[in-house]
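# Analysis of the macromolecular model
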Amino acid sequence: MMNKDNKTLKLGTFKQKMQKMKADFKDPTKVKVRSRRAFMVTGSVLRTFILIGLIFVILLPLFQKFSFALRHPMDITNPQVIWIPETISNINFQIAYQLLDFGHTIWNTLILSTFSMIIQIMATAVAGYAFARLRFKGSNIIFYIVLFTLVVPNETLHIARVLYFSNSTFLGIRLIGNVFSMFIMAAFGMGIRSAIFIYLFRQFFKGLPIELEESAQVDGAGVFRTFWSVMLPNARGAIVTVGLFAFVWQWNDYYFASLFQYSANNFAVFSTKLAGGTDQLYTVLSGWVARGDSFFQDLTDETVRQNTLFYGLVANTAALLMMLPLLIGYFFVQKLFVESIERTGIVG
Amino acid sequence: MEKTNVFKRSFASIKAFWGRLLNKLSQWRYDFMQTKPMLFLKKVFGYLPNLLANKISYRKRQALWGFVFVLPLIIGFIYFFLLPFLVTIVYSFSRVENLGLNSSTGEHIGIVSEWIGFDNFTYILKEHSTFRQTLTSSFTTAFFNVPLILIFSLIIAVVLNSKFKGRSFVRAIFFMPVIFNSQAVDAAMQTGAQLAAAMEGATADIFAQMFNFQDFLIDANIPVNAVNFLGTTADQIYDIISYSGVQILIFLAGIQSVPKHLYEAAKIEGATQYEIFWKITFPMVSPLMLTAGVYTVVDSLLRSPLINMINVFATAGVRKLVNGLGDVSYYGIHASMSWLFCISSIIIIAIWLFLLSKLVFYYDE
């Protein structure tokens, strides 16, 4: 009896629960809430999967470069080695280090990139501010001209520039074979993709509230002072973005390095060293072998030295060595850069 | 003591070092400005603008300063861009002869150009074996890259803008390809082309053995063309990511400049994320489509095989100049190729600007 009562009671509560659940399913607000929660969960799961996949795709070549760089030259033809080398060695790094003349080259590249970055920032910020806020005759036309320089790539003007620069001087400065010619180009707004930087600064300054300038003007500041003490400190986000890109593109630049031939002036940079070095790798290596350099003791096998894959290995390691300072630097600047994105505030 | 604080402490010491250095520098600057000649200069330069300020209105001074700010740009444009550009146009219509170097003095004698009309163009379009093919393939790639990259970078920008754990890490990773893209590195990798092929072989093996997606799609009766398109797009995923860094940056900044009250209102009204994207984010970001589109066309043309071909002619021509061998054709052909390149890229940009301008929505407050 007792048992049956209990059962009916249980059944009754179960029925009640079922009814409650049915009501829940039909309740429009709860349905909305539930569907939104499901949407969000699936969205975040999907997002995680996509991001992990893309990060894998981005990092894969880097890992590959590292894996190849750490491989001993004897391992090249070993079919068992795909990712983790059988014998880990730094011999590739030693060869690439000597090939690039790393200690000397890194200083040259660092100096070139740093100064070029500073000059680019100054020149493009000034021009961007002029286009954004200072109304003068023909400013629109000049801005379109700037955009036009973006559309015409440097490579198409190469021969004309070489002929032109080798036969004339700019204000008495010979441009070919001179390191300062890069700084001159940057200062006159024709550096590496200066047009994009000018565009970025213009959009950024357009996005800043005009009240800032007006209050400075009321306080009696001149135009230059307004720019220098009010607008420029507020443009930190744009400066960081432009500075990073200017530095990196200068570091990686090959076109201007070959156009101005700094290396002729004993000012070798990574890009020319890398491009030239891998071409003449065989002669360089043979020279070292003849000289009896110590780290060649491992490479006794002549077939390894003549294997084209070995040259690929050294070229790969040299490329990695060129990228490594940027990579290390990027991890320090990365936080600043990512923060600056929040504040770049480009407005179309 | 604590291991975790090692980094923090080293950072703090670096910061302190910078702070001391900057303090020293500002002290030096101050001392330098207090010397007598600098004080005099300061007086003069402080006096002149004040004199001007009393005579000229602020508007006019603004215009004057604007012109001063842009002046280096104009000089640079004329000397470094316009003159070589005009020379290129003239060369494209002429037969250029390099007289080479004077054998006794070693000086460059000069260059003679002779007007030959459209002969260079007919040569590259009719007789050159690969130019026409490269031109069309480069430009179709650049043309179809635009929607692909715009959509991809917009999606990634939206994803990177949403809040989740480790967002700043993901952002930092996503801008890495922009940084490590380098012509020089590419060149170095080209000399090790066999190595790259071996690498690709190794990775392709792993994935191909696991699951061949293209075969699966073809088995599912999806048209072969569509499968090929999907396959090439999937193969290019690294290229697409590395092409779209700046565009992601543009869109991300655009999304962040959308007024917050619009999103708040939408949330109160109960809009889903999907609706918010299509009704708010997309229209508000659409003006940036134009900028990003133009940049995409320019950027993907810069990495096309056509530029490599132009480069080959350029280096060949320059070598002739240095060696002083008077060969005729290189300059003219290089110039006419460049000229065709520019015209076609402007046409493609114009087409995309026209197409994208239909999507654009301008919001006035």
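Residues numbered from 1 in each chain as written. Chains lettered and ligands numbered in written order. Predicted model: local features only at pLDDT ≥ 70, side-chain atom pairs only at ≥ 80, totals over all residues.

### Examining the overall build of chain B
Keep this limit in mind: Numbering of helices and strands runs from the N terminus, with a helix taken as a DSSP run of H or I at least four residues long and a strand as a DSSP run of E at least two residues long. Counting other C-beta atoms within 10 Å of its own, a residue is labelled buried from 20 upward, exposed at 12 or fewer, and partly exposed in the gap between, with every C-beta atom placed from the backbone. By the convention adopted here, residues are in contact when the distance between their C-beta atoms, placed from the backbone, does not exceed 7 Å.
The secondary structure content of chain B amounts to 17 helices and two strands. Considering chain B as a whole, with its 365 residues, one finds that 30% of them fall into the buried category. Once local pairs closer than 6 in sequence are excluded, the contacts in chain B between residues at least 24 apart make up 71%.

### Comments concerning the domain arrangement of chain A
Residue and element names in this part refer to chain A. Convention followed: All the domain ranges listed were derived from an automatic or database domain assignment. Three classes are used: nonpolar for Ala, Val, Leu, Ile, Met, Phe, Trp, Tyr, Cys and Pro, charged for Asp, Glu, Lys and Arg, and polar for all others, with Gly counted as polar.
For chain A, the assigned domains are domain 1 (2-69) and domain 2 (93-344). Of the residues lining the interface, four residues belong to domain 1; the matching set on domain 2 comes to five residues. In terms of residue class, the side of domain 1 that touches domain 2 is made up of three nonpolar, no polar and one charged.

### A look at the interface of chain A and chain B
Contacts between the two partners involve 84 residues from chain A, matched on the other side by 85 residues from chain B. A total of 18 residues in the side of chain A that touches chain B trace back to one element, the largest contributor, which is helix H16 (residues 308-344) of chain A.

### Re the nonpolar core
Condition: Joining buried Ala, Val, Leu, Ile, Met, Phe, Trp, Tyr and Cys residues through C-beta atoms within 7 Å gives a set, and that set is a nonpolar core.
Counting 152 residues, the largest nonpolar core has A:Tyr129, A:Phe201, A:Val314, A:Ala318 and B:Phe251 as its most contacted members. Non-local contacts of A:Val314, meaning those with residues more than four positions away in its chain, are made with A:Asn92, A:Ile95, A:Ala96, A:Leu99 and A:Leu281.

### Some points on the packing of helix H5 (residues 131-161) of chain B against helix H13 (residues 245-256) of chain B
Residues and elements named next belong to chain B. How we decide: Between N-to-C directions, angles cover 0 to 180 degrees, with each direction set by a line fitted to C-alpha atoms, over the stretch in contact for helices. In these notes the angle categories are as follows: under 35 degrees is roughly parallel, over 145 is roughly antiparallel, 65 to 115 is roughly perpendicular, and the rest is oblique. In this scheme the handedness of a crossing depends on how the near helix is turned from the far one: anticlockwise by less than a right angle means left-handed, clockwise means right-handed.
Orientation of H5 relative to H13, taken along the N-to-C sense of each, is 50°, at an axis distance of 8 Å. In terms of orientation, H5 lies oblique with respect to H13. Note on packing geometry: the crossing formed by H5 with H13 is right-handed. Across from Ile149, Leu150, Ser153, Leu154, Ile156, Ala157, Val158, Leu160 and Asn161 in H5, the residues of H13 making contact are Gln247, Ile248, Phe251, Leu252, Ile255 and Gln256.

### Here we look at unusual backbone geometry
Residue and element names in this part refer to chain A. The phi angle at Asp101 is positive, at roughly 55°, despite the residue not being glycine. Of note, Asp101 is situated in the loop between helix H3 (91-100) and helix H4 (102-133). Even without being glycine, Arg193 reaches a positive phi, approximately 50°. Looking at where Arg193 falls in the secondary structure, it is placed in the loop between helix H7 (180-187) and helix H8 (194-207).

### Overview of the packing of H4(A) against H8(A)
All names here are of chain A. Where H4 meets H8, the axes come as close as 7 Å, and the angle between the chain directions of the two elements is 50°. Comparing their axes, H8 and H4 come out oblique. The handedness of the crossing between H4 and H8 is right-handed. On the side of H4, the interface is formed by Gln120, Thr124, Ala125, Ala127, Gly128, Tyr129, Phe131, Ala132 and Arg133, while H8 contributes Ser194, Phe197, Ile198, Phe201, Arg202, Phe205 and Lys206. Here the residues of the contact of H4 with H8 sort into nine nonpolar, four polar and three charged.

### Quick look at the confidence of the model for chain B
Residue and element names in this part refer to chain B. Basically, it comes down to this: A residue's pLDDT is the confidence the predictor assigns to it, expressed on a 0 to 100 scale.
Summing up the model confidence of chain B, the mean pLDDT is 78 and the portion of residues at 70 or higher is 78%. Between residues 323-328, whose pLDDT stays under 50, and residues either more than four places distant or in other chains, the model counts twelve contacts. Reported confidence for the predicted complex is 0.78 by ipTM and 0.82 by pTM.

### Observations concerning the environment of B:Leu39
Checked against the element boundaries, B:Leu39 lands in helix H2 (residues 36-55). Residue classification places B:Leu39 among the exposed residues on the basis of 11 C-beta atoms within 10 Å.

### Remarks on helix H5 (residues 139-151) of chain A
What sets the pattern is the α-helix's 3.6 residues per turn: residues three or four places apart point alike. All names here are of chain A. Quick note on the threshold: Here a helix's expected span is defined as the number of its residues, less one, multiplied by 1.5 Å. Starting at the helix axis, one direction is taken to each C-beta atom, and the arc is that of these directions.
The end-to-end C-alpha distance of H5, which contains 13 residues, comes to 19 Å, matching closely the 18 Å that a straight helix rising 1.5 Å per residue would cover. All of the buried residues along H5 are Phe143, Val146 and Thr149. Down the axis of H5, the smallest arc covering the buried residues is 110°, so these residues share one side. Of the exposed residues in H5, the ones pointing more than 90 degrees away from its buried face are Asn140, Ile141 and Tyr144.

### Description of the confidence of the model for chain A
Per-chain confidence: chain A averages 80 in pLDDT, with 84% of residues scoring 70 or above. Across chain A, the secondary-structure element scoring lowest on mean pLDDT is helix H15 (residues 302-306) of chain A, at 60, and the one scoring highest is H4(A), at 91.

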